[in-house]
Amino acid sequence: MADEAKAKGNAAFSAGNFTDAIKHFTDAINLAPSNHVLYSNRSAAYASLNQYSDALSDAKKTVDLKPDWAKGYSRLGAAYHGLKQYDDAVSAYKKGLEVDPNNETLKSGLADAESAQSTSYRSREARESRAPMNNLFGDAFGPDMWAKLTADPATRVYMQQQDFVNKMKELQRNPSGLNLYLQDQRVMQALTVLLNVKIQANGSGPSGDDMEMPGSPPRPADEAVKEKEAVKEPEPEPEPMEVSGEEREVKERKAQAQKEKEAGNAAYKKKDFETAIACYTKAVELDDGDISFLTNRAAVYLEMGKYDECIKDCEKAVERGRELRSDYKMVARALTRKGTALVKMAKTSKDYEPAIETFQKALTEHRNPDTLKKLNEAERAKKELEQQEYYDPELAEKEREKGNECFKEQKYPDAIKHYTEALRRNPKDAKAYSNRAACYTKLGAMPEGLKDAEKCIEIDPKFSKGYTRKGAIQFFMKEYDKALETYQEGLKHDPQNPELLEGVRSCVQQINRASRGDLTPDELKERQAKAMQDPEIQNILTDPVMAQVLKDLQENPKAAQDHMKNPSVMNKIQKLISAGIVQMR
């Protein structure tokens, strides 16, 4: 059940349905709370939704459950990074690398975390360097600002000018905006009063001796600005940035590489593989910083059946992608393509192992539904090939004989082991299924015995032993009507088989006991309880037509006789009688 929920979660994650993925992983965790992989997967889903606090909680649980698993530290580092706790992120990645020093995901995560950590330190230092100035002016525009400006004769007159009052209110809210008002001499004068210092505006404003007196309105600040702008010399246009010859050449080579790629794509679509390879090769020579040229060339080699060349290009793309820190999806694509080539080359079950490992690596980079499908197909093909390689009818026959010897000695568990090995060697051996069913019957494992008997009949419908095994198990389980059907089906293939005939006789005898009402109350109660668990009996009892038939049997004998002429109705009535639900008196 936990594996099923996990599989649903993986599928939802691959499809980008992270909320559904979290739900399925949670269900799986409830069923298997000690499985570290489930917490790791849910952490990744939370992180994809930017719910980094929840992702961190699951990542910590993953590491607690499996301290020697590198991916747990990768999840932990990613969660800390998302929470902007860069120091903790760096520490988590470093601990993971102690567990797996060659883990590329951890290396990449560490580099990103250290970069973010460095940027964070620089920003903090810049803020701290600005703090003294902000604090200085913040104190100047404190709550006693208005009292100082009103008390001073030089600034008292400005308090009647609304534009000045608005500017001072704005500065009180945001002192760092002072540079916006430095052209207004009234603000500069107010600043000298508030800071209790003399400020000379580079000779452009009046000195303290010729400061404007009350009654002489100050020159509007806007006019002063316009006047200054009028005499200001125009700034020269910035010269275009010079590009070195080397940079220009690199840019041109990249552009030419993209053109070669486009030409290769067009040739590939036309099935002109040789031209496509030539174009992609030229693109790689021009620009080795784009691994898509290598993966595209690998795709062409794959189509041509040149699997070794395809694998080499894919491995080169993965290696170069790691160096360039390329998109994980591109690296995953290269690994998937390599896995596909390995599958094409596989001839034995062992050959599938590197392909399966490669697909699994691709999924750790990026969970792509197509890659997951290829992995499942490879695992299924490996299993089928293993069965074919293990197939040996001669060894199967020897194992079956060993099982027969153990059965005669009443060593039923040992007999089951030999019959099971015989079936691994030859899954189509109906006799081995029949014999193992007999062992299960002796051990009282009726469901397992019934399953083997049914498989025996499926493989060889004309093998009488299959029917006798199945019928005997059903009879022992007191399902007499089903046992009767099984024996009758066997008699179609072997009409004179004594075991089948005896089985029919025994079943009819038991069914007649029920129809005559010869069962004891306990036997009747037991049979009815068992019958009510049978889906077929349940369907008969819930059928509206049969409900009317049963009613007529009690209240309308003439109508009941008409119903009995219908073979289908008669067959269902017979089943109810056999089950002890209906008794004929």
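Please read these numbers as outputs of a predicted model, since none were measured by experiment.

Quick rundown of the overall build of the protein chain? Include the residues and the values.
Broken down by element type, the protein chain carries 31 helices and zero strands. In the protein chain, which comprises 585 residues, the share counted as buried stands at 39%. Within the protein chain, counting contacts between residues at least 6 apart in sequence, those at least 24 apart form 51% of the total. Carbon together with sulfur atoms contributes 50% to the accessible area of the protein chain, which is approximately 34,900 Å² in total.

Can you lay out helix 2 (residues 18–31) for me, pointing to particular residues and giving the numbers?
Over its 14 residues, helix 2 extends 20 Å from the first C-alpha to the last, a length consistent with the 20 Å expected when each residue adds 1.5 Å. Three or more residues of helix 2 are buried, namely Ala 21, Ile 22, His 24, Phe 25, Ala 28 and Ile 29.

Lay out the nonpolar core with the relevant residues and their values.
Of all hydrophobic cores here, the largest spans 25 residues; its most connected members are Ala 21, Leu 76, Tyr 80 and Leu 106. Elements with a minimum of two residues in this core: helix 1 (2–14), helix 2, helix 3 (36–48), helix 4 (52–65), helix 5 (70–82), helix 6 (86–99) and helix 7 (104–140). If sequence neighbours within four positions are ignored, Tyr 80 has contacts with Leu 56, Lys 60, Gln 85, Asp 88, Ala 89 and Ala 92. Formed by 15 residues, the second largest nonpolar core is a distinct cluster that contains Phe 273, Tyr 301, Cys 310 and Ala 355.

If you had to explain a negative patch on the surface to someone new, which residues and values would you point to?
A cluster of acidic residues, Glu 246, Glu 247, Glu 249 and Glu 252, forms a negative patch on the protein surface. Mapped onto the fold, Glu 249 is located in helix 13 (residues 245–269). The class for Glu 249 is partly exposed, based on a relative accessible area of 45%.

Give a description of the pattern of salt bridges that names residues and reports values.
The final tally for this structure, using the stated rule, is 32 salt bridges. Taking the shortest distance from any N to any O, the salt bridge between Glu 315 and Lys 338 comes out at 3.1 Å. Taken together, the residues Glu 315 in helix 16 (residues 307–324) and Lys 338 in helix 17 (residues 328–345) connect sequence positions 23 residues apart. Residue Glu 315 is classed as partly exposed on the basis of its relative accessible area of 39%. A salt bridge links Lys 455 to Glu 458; the nearest nitrogen and oxygen atoms lie 3.5 Å apart. Of this pair, Lys 455 and Glu 458 are both found in helix 23 (residues 446–459), three residues apart, which corresponds to roughly one turn of the helix. When its relative accessible area of 29% is taken as the criterion, Lys 455 is described as partly exposed.

Pulling in residues and values, what's your account of unusual backbone geometry?
The phi dihedral of Asn 50 falls on the positive side, at around 65°, and the residue is not glycine. Residue placement: Asn 50 occurs in the loop between helix 3 and helix 4. Here Lys 478, not a glycine, exhibits a phi torsion of approximately 65°, which is positive.

Before we move on, can you summarise the environment of Arg 297 with the specific residues and values?
By the element assignment, Arg 297 lies in helix 15 (residues 292–304). Separated by 17 residues in the primary sequence, Arg 297 and Cys 314 place their C-alpha atoms 9.0 Å from one another.

Tell me what's going on with the packing of aromatic side chains, and back it up with residues and numbers.
This structure, assessed with the given rule, holds five aromatic pairs. Pairing Tyr 158 with Phe 164 gives two aromatic rings, centres 5.4 Å apart and planes at 55°, and the pair type is tilted. By relative accessible area, Tyr 158 is classed as buried at 8%. Under the relative-accessibility criterion, Phe 164 is labelled buried at 0%. A centroid spacing of 5.0 Å and a plane angle of 65° characterise the contact between Phe 475 and Tyr 480, whose relative ring orientation is edge-to-face. When the ring centre of Tyr 390 is taken as reference, the NZ or CZ atom of Arg 424 above it lies at 4.4 Å. When the ring centre of Tyr 390 is taken as origin, the NZ or CZ atom of Arg 425, which lies over that ring, is 3.6 Å away.

Explain the packing of helix 29 (residues 544–555) against helix 30 (residues 557–564) to me, using residue names and the numbers behind them.
Packed helices, taken two at a time, are described by the angle their axes make and the gap between the axes. Between helix 29 and helix 30, the shortest axis-to-axis distance is 6 Å and the interhelical angle comes to 135°. Put simply, helix 29 runs oblique to helix 30. Seen from above, helix 29 lies across helix 30 with left-handed handedness. In this structure, helix 29 contributes Val 549, Asp 552, Leu 553 and Glu 555 to the contact, and helix 30 contributes Pro 557, Ala 559, Ala 560, His 563 and Met 564. Per-class residue counts for the contact of helix 29 with helix 30 are six nonpolar, one polar and two charged.

Which residues make up the side chain of Thr 468, and what values do they have?
Tracing the chain through its elements places Thr 468 in helix 24 (residues 464–476). The exposure class of Thr 468 is buried, given its relative accessible area of 8%.

I'd like a rundown of the environment of Arg 253, residues and numbers included.
With respect to the helices, strands and loops of the structure, Arg 253 is situated in helix 13. Measuring from C-alpha to C-alpha, the distance between Arg 253 and Ala 283 comes to 8.8 Å, with 30 residues separating the pair along the chain. The contact partners of Arg 253, leaving out residues within four places of it in the chain, are Glu 285 and Leu 286.

Thresholds, definitions, all that
- Residues numbered from 1 in each chain as written.
- Predicted model: local features only at pLDDT ≥ 70, side-chain atom pairs only at ≥ 80, totals over all residues.
- Heavy atoms only, no water.
- Helix = DSSP H or I, 4+ residues; strand = E, 2+ residues; numbered from the N terminus.
- Buried < 20%, exposed > 50% of the residue type's maximum accessible area, 1.4 Å probe, protein only.
- Contact = heavy atoms within 4.5 Å.
- Areas by Shrake-Rupley, 256 points an atom, 1.4 Å probe, with all protein chains shown as cover.
- Expected span 1.5 Å × (residues − 1).
- Core = buried A, V, L, I, M, F, W, Y, C linked by side-chain atoms within 4.5 Å.
- Patch = residues over 30% accessible without salt bridge, like charges linked within 9 Å, V, L, I, M, F, W, Y side chains within 5 Å.
- Salt bridge = Lys/Arg side-chain N within 4 Å of Asp/Glu carboxyl O.
- Lys, Arg positive; Asp, Glu negative; His and termini not counted.
- Charge placed at Lys NZ, Arg CZ, Asp CG, Glu CD.
- Phe/Tyr/Trp six-rings, centres within 6.5 Å; stacked < 30°, edge-to-face > 60°.
- Lys NZ or Arg CZ within 6 Å of the ring centre and 35° of its normal.
- Axes fitted to C-alpha atoms, helices over the stretch in contact; angles between N-to-C directions.
- Parallel < 35°, antiparallel > 145°, perpendicular 65-115°, else oblique.
- Left-handed = near helix turned anticlockwise from the far one by under 90°.
- Nonpolar A, V, L, I, M, F, W, Y, C, P; charged D, E, K, R; others polar.

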